[in-house]
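A structural walkthrough
As a plain string of letters, each chain reads:
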Amino acid sequence: MNQLSCWRRWLLTRFHPLGGGRGFTLIELLVVMVILGLLAALVAPRFLGKVGRSKTQAAQAQLELFGAALDTFRLDVGRYPTTSEGLAALRTKPSGAEGWDGPYLKREVPLDPWGRPYIYKSPGEHGDYDLISYGADSTQGGEGENADVVSWTGS
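Keep in mind that what you see is a predicted model, and the values were worked out from it rather than measured.

**Concerning the overall build of the protein chain**
- Scanning the protein chain for helices and strands turns up two helices and three strands.
- Ordered by position in the sequence, the α and β elements of the protein chain form the string α-α-β-β-β.
- Expressed as a percentage of its 155 residues, the buried residues of the protein chain come to 24%.
- Pairs at least 24 residues apart make up 36% of the contacts formed inside the protein chain by residues separated by at least 6 positions.

**As for the nonpolar core**
- Ranked by size, the top nonpolar core spans 21 residues in total, and within it Phe66, Leu70, Phe73, Leu87, Leu90, Tyr120 and Leu131 carry the most contacts.
- For this core, the element with the highest residue contribution is helix H2 (residues 26–77), accounting for seven residues.

**Thoughts on the side chain of Ser133**
- Looking at where Ser133 falls in the secondary structure, it is placed in strand E2 (residues 130–133).
- Among the polar contacts made by the side chain of Ser133, one reaches the side chain of Asp112 at a distance of 2.8 Å.
- Filtering out sequence-adjacent residues up to four positions away, Ser133 remains in contact with Asp112, Trp114, Tyr118, Ala147, Asp148 and Val149.

**Quick word on the environment of Arg91**
- Along the chain, Arg91 falls in the loop between H2 and strand E1 (119–121).
- With relative accessibility at 22%, the residue Arg91 sits in the partly exposed group.
- As for Arg91 and Leu105, which are separated by 14 residues in sequence, their C-alpha atoms are 6.1 Å apart.
- Every residue in contact with Arg91, bar those within four places of it in the chain, is listed here: Trp100, Pro103, Leu105, Lys106, Arg107, Glu108 and Val109.
- Only 2.7 Å separates the side chain of Arg91 from the backbone oxygen of Leu105, close enough to count as a polar contact.

**Describing the sheet that holds E1**
- Taken together, three strands build an open sheet; the order of strands is E1-E2-E3 and the sheet is antiparallel. Looking at the sheet topology across the chains shown, the edges are occupied by E1 and strand E3 (149–150).
- Taken together, the two bridges between E2 and E3 define a ladder with antiparallel strand orientation. Counted as the bridge partner of Ile132 is Val150 from E3.

**What about the environment of Gly99?**
- Looking at the secondary structure, you find Gly99 in the loop between H2 and E1.
- For Gly99 and Val77, which are 22 residues apart along the polypeptide, the C-alpha to C-alpha distance reads 5.0 Å.
- Those residues in contact with Gly99 that lie beyond four places of it in its chain are Asp76, Val77 and Tyr104.

**Some words on the pairing of E2**
- Of the two faces of E2, the one holding Asp130 and Ile132 and the one holding Leu131 and Ser133 are both buried throughout.
- Sheet topology places E1 next to E2; three bridges connect them, and they run antiparallel. Bridge pairing in E2 places Lys121 opposite Asp130.

**Things to note about the confidence of the model for the protein chain**
- Of all residues in the protein chain, 83% attain a pLDDT of 70 or more, and the chain-wide mean is 82.
- Ranking the helices and strands of the protein chain by mean pLDDT puts E1 first, with 93, and helix H1 (residues 2–15) last, with 68.

**Quick word on unusual backbone geometry**
- Cis geometry marks the peptide bond from Ser122 to Pro123; its omega dihedral reads 5°.
- Along the chain, Pro123 turns up in the loop between E1 and E2.

The rules behind the values
Residues numbered from 1 in each chain as written. Predicted model: local features only at pLDDT ≥ 70, side-chain atom pairs only at ≥ 80, totals over all residues. Heavy atoms only, no water. Helix = DSSP H or I, 4+ residues; strand = E, 2+ residues; numbered from the N terminus. Buried < 20%, exposed > 50% of the residue type's maximum accessible area, 1.4 Å probe, protein only. Contact = heavy atoms within 4.5 Å. Core = buried A, V, L, I, M, F, W, Y, C linked by side-chain atoms within 4.5 Å. Polar contact = N/O pair within 3.5 Å; in protein donor to acceptor, adjacent residues only side chain to side chain. Pairing = 2+ DSSP bridges. pLDDT = per-residue confidence, 0-100.

Written out as structure tokens, the structure reads:
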């Protein structure tokens with residue numbers, strides 16, 4: 001009990017505005033700031049790496065969703081949308097698309113996770129159609145977050 005009242009008296013005199021305490025010294029504040037800076041330096045790179053990876057995974061998931069919608073379009077119409085019709089053919093009936101039973105997507109065609117439209121080509125160079133997102137750098141090729149996300153490799 002005596003020890004508890006001693007701590008209580010020390011806390012009150014140290015931190016109470018009218019208790020006559022001296023507050024924190026400049027050295028104490030600098031030590032806390034250095035510790036917080038080191039923690040931020042260790043945590044921030046790991047967090048930012050996960051954000052880039054999650055955008056790539058989101059793009060791949062959207063390409064798979066488009067692939068399923070395109071396959072349903074093909075079953076109904078007998079062909080994939082042309083390059084000029086694009087992914088918009090999954091939402092609005094293109095001219096000459098007999099048997100169209102859409103819309104095949106619930107919402108408008110989204111942009112890729114980096115805010116740019118997906119590239120759709122039909123016929124594609126790698127199959128009946130090609131779907132591409134050029135990643136964070138918006139140019140062909142790249143590594144990591146800048147890598148292309150394509151429909152024909154699953155990555």
